[in-house]
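Chain residues, written in single-letter form:
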Amino acid sequence: MVEFSQKHGISIRGHKIFWDDPIYQPYWVHSLSPDELGKAAAKRINSVVSKYRRKVIGWDVMNENMHFNFFEDKLGKTASADYYKITQQLDPQTTIASDFTEHEVALHREIQAKSARESAKMAERESAKMAERESAKMAERES
């Protein structure tokens, strides 16, 4: 495919080294320890990017990165950012991209902010209920 594209002047984009959606992970990935997953991911990124280095116009490193956190949940909050950096180091002359538009990023951030506000309100209500119950227990003990 690469040879055909190069022969006919067709640009190629490296589409998805990783998927952050757990549904699209190979079945065996879910049972890996964080250490094993890190090694498997390193092997994949090195293999794919090295094979197609300087043959693609850009890399979409992580698919569904704004909606899912598979690698962050398993490897830590900087996992995706680390993979973007590694890709750039392995193929420094190409463009590193995300598959999301600015609108999608803004919408995602708005949803996260709303969710955080709702969670804080729920925590406040639960805390108030607990305080009321404790107060009632103390009053009952005193009487």
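Conventions and cut-offs
- Residues numbered from 1 in each chain as written.
- Predicted model: local features only at pLDDT ≥ 70, side-chain atom pairs only at ≥ 80, totals over all residues.
- Heavy atoms only, no water.
- Helix = DSSP H or I, 4+ residues; strand = E, 2+ residues; numbered from the N terminus.
- Buried < 20%, exposed > 50% of the residue type's maximum accessible area, 1.4 Å probe, protein only.
- Contact = heavy atoms within 4.5 Å.
- Salt bridge = Lys/Arg side-chain N within 4 Å of Asp/Glu carboxyl O.
- Phe/Tyr/Trp six-rings, centres within 6.5 Å; stacked < 30°, edge-to-face > 60°.

- As annotated in an unreviewed UniProt entry, the chain carries the name GH10 domain-containing protein and comes from Cannabis sativa.

Focus on the environment of lysine 55
Link 1 in the chain: Along the polypeptide, lysine 55 turns up in the loop between helix H2 (34-52) and strand S2 (58-63).
Link 2 in the chain: With relative accessibility at 39%, the residue lysine 55 sits in the partly exposed group.
Link 3 in the chain: Separated by 42 residues in sequence, lysine 55 and arginine 13 place their C-alpha atoms 8.7 Å apart.
Link 4 in the chain: Look past the residues within four positions of lysine 55 in its chain and what remains in contact with it is Val2, Gln6 and Ile12.

A few points about the pattern of salt bridges
Link 1 in the chain: What the rule picks out here adds up to five salt bridges.
Link 2 in the chain: Residues glutamate 134 and lysine 137 are paired through a salt bridge, measuring 3.9 Å at the closest nitrogen-oxygen approach. Of the two residues, glutamate 134 and lysine 137 are both situated in helix H5 (residues 102-142); the distance of three residues between them amounts to about one turn of the helix.
Link 3 in the chain: Connected via shared salt-bridge partners are Arg13, Lys16 and Asp60.

Things to note about the packing of aromatic side chains
Link 1 in the chain: This model, assessed by the stated rule, comprises five aromatic pairs.
Link 2 in the chain: Note on phenylalanine 18 and tyrosine 83: the rings are 4.7 Å apart at their centroids and 35° apart in plane angle, and the pair reads as tilted. Highlighted residues: phenylalanine 18 in strand S1 (residues 13-19) and tyrosine 83 in helix H4 (residues 79-90), separated in sequence by 65 residues. Accessibility classification places phenylalanine 18 together with tyrosine 83 in one group, the buried group.
Link 3 in the chain: Judged by centre distance (5.9 Å) and plane angle (85°), the ring pair of phenylalanine 71 and tyrosine 83 falls under edge-to-face. With phenylalanine 71 in helix H3 (residues 70-75) and tyrosine 83 in helix H4, this residue pair connects regions lying 12 residues apart in the sequence.
Link 4 in the chain: Through pairs of rings, three or more aromatic residues link up here, namely Phe18, Phe70, Phe71 and Tyr83.

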